[in-house]
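These are the residues of each chain, in order.
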Amino acid sequence: MLKIRIKDFIDKQIENLEEFDYEIQTGENHIYVIFNIILNKKVDKEITFKVLDDILYLHSTTYGWKPVEKGIANKYFWIEILAN
């Protein structure tokens, strides 16, 4: 269920963009999303997600754990995706 929720979140973010390739891996306490292609550029980028109190969080190397589903909080997803 958590894997589906994260996939839905990512698919919504990249809805009209076809230049992405990623896979989702399940860990013991977290879900890891491995991006192979971002905006047609080959990369090896991992983003970690978790759910706490039914809120989806993303771990940003700059900002730490941030909720990403409400309001403009998805900006943390894009900051992390586009960071070198």
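Computed from a predicted model, the values in this text were never measured in an experiment.

Asker: For this particular structure, what's the right way to read the pattern of salt bridges?
Answerer: Two side chains bearing opposite charge may form a pair once their charged atoms approach each other closely. Under the counting rule described, the total for this entry stands at three salt bridges. Here D54 and R5 are joined by a salt bridge, their closest N and O atoms 3.1 Å apart. Of this pair, D54 sits in the loop between strand 3 (41–52) and strand 4 (55–60) while R5 sits in helix 1 (residues 2–13), placing them 49 residues apart in sequence. Accessibility expressed as a relative area gives 59% for D54, which makes it exposed. What makes R5 partly exposed here is its relative accessible area of 22%. Here D11 makes a salt bridge to K7, at a shortest N to O gap of 2.7 Å.

Asker: Honestly, the nonpolar core in this entry has me stumped. Any pointers?
Answerer: Generally speaking, a soluble globular protein has its nonpolar side chains buried in company with each other. The biggest cluster of nonpolar side chains holds 19 residues, and the ones touching the most others in it are I10, V33, F35 and F49. Put simply, the parts of the chain that give this core at least two residues each are helix 1, strand 1 (20–26), strand 2 (31–38), strand 3, strand 4 and helix 2 (75–82). With four residues, strand 2 is the largest single contributor of residues to this core. Among residues more than four places away in sequence, those in contact with I10 are Y22, V33, F35, F49 and F77.

Conventions used here
- Sequence order sets the numbering: in each chain, residues are counted from 1 along the sequence as written.
- Owing to the predicted nature of the model, reporting of local features is limited to residues with pLDDT of at least 70; listing and counting of side-chain atom pairs is limited to 80 or more, with chain, interface and lining totals taken over all residues.
- Heavy atoms throughout the structure, all of them, feed into the side-chain values; hydrogens and water do not.
- Only one rule defines a salt bridge in this text: a Lys or Arg side-chain nitrogen within 4 Å of an Asp or Glu carboxyl oxygen.
- Every helix listed is a DSSP run of H or I at least four residues long, and every strand listed is a run of E at least two residues long, numbered separately from the N terminus.
- Type-normalised accessible area, obtained with a 1.4 Å probe on protein chains alone, sets the label of each residue: buried when under 20%, exposed when over 50%, and partly exposed for intermediate values.
- The set of buried Ala, Val, Leu, Ile, Met, Phe, Trp, Tyr and Cys residues whose side-chain atoms join them within 4.5 Å is what this entry labels a nonpolar core.
- Here a residue-residue contact requires only that any non-hydrogen atoms of the pair lie within 4.5 Å.

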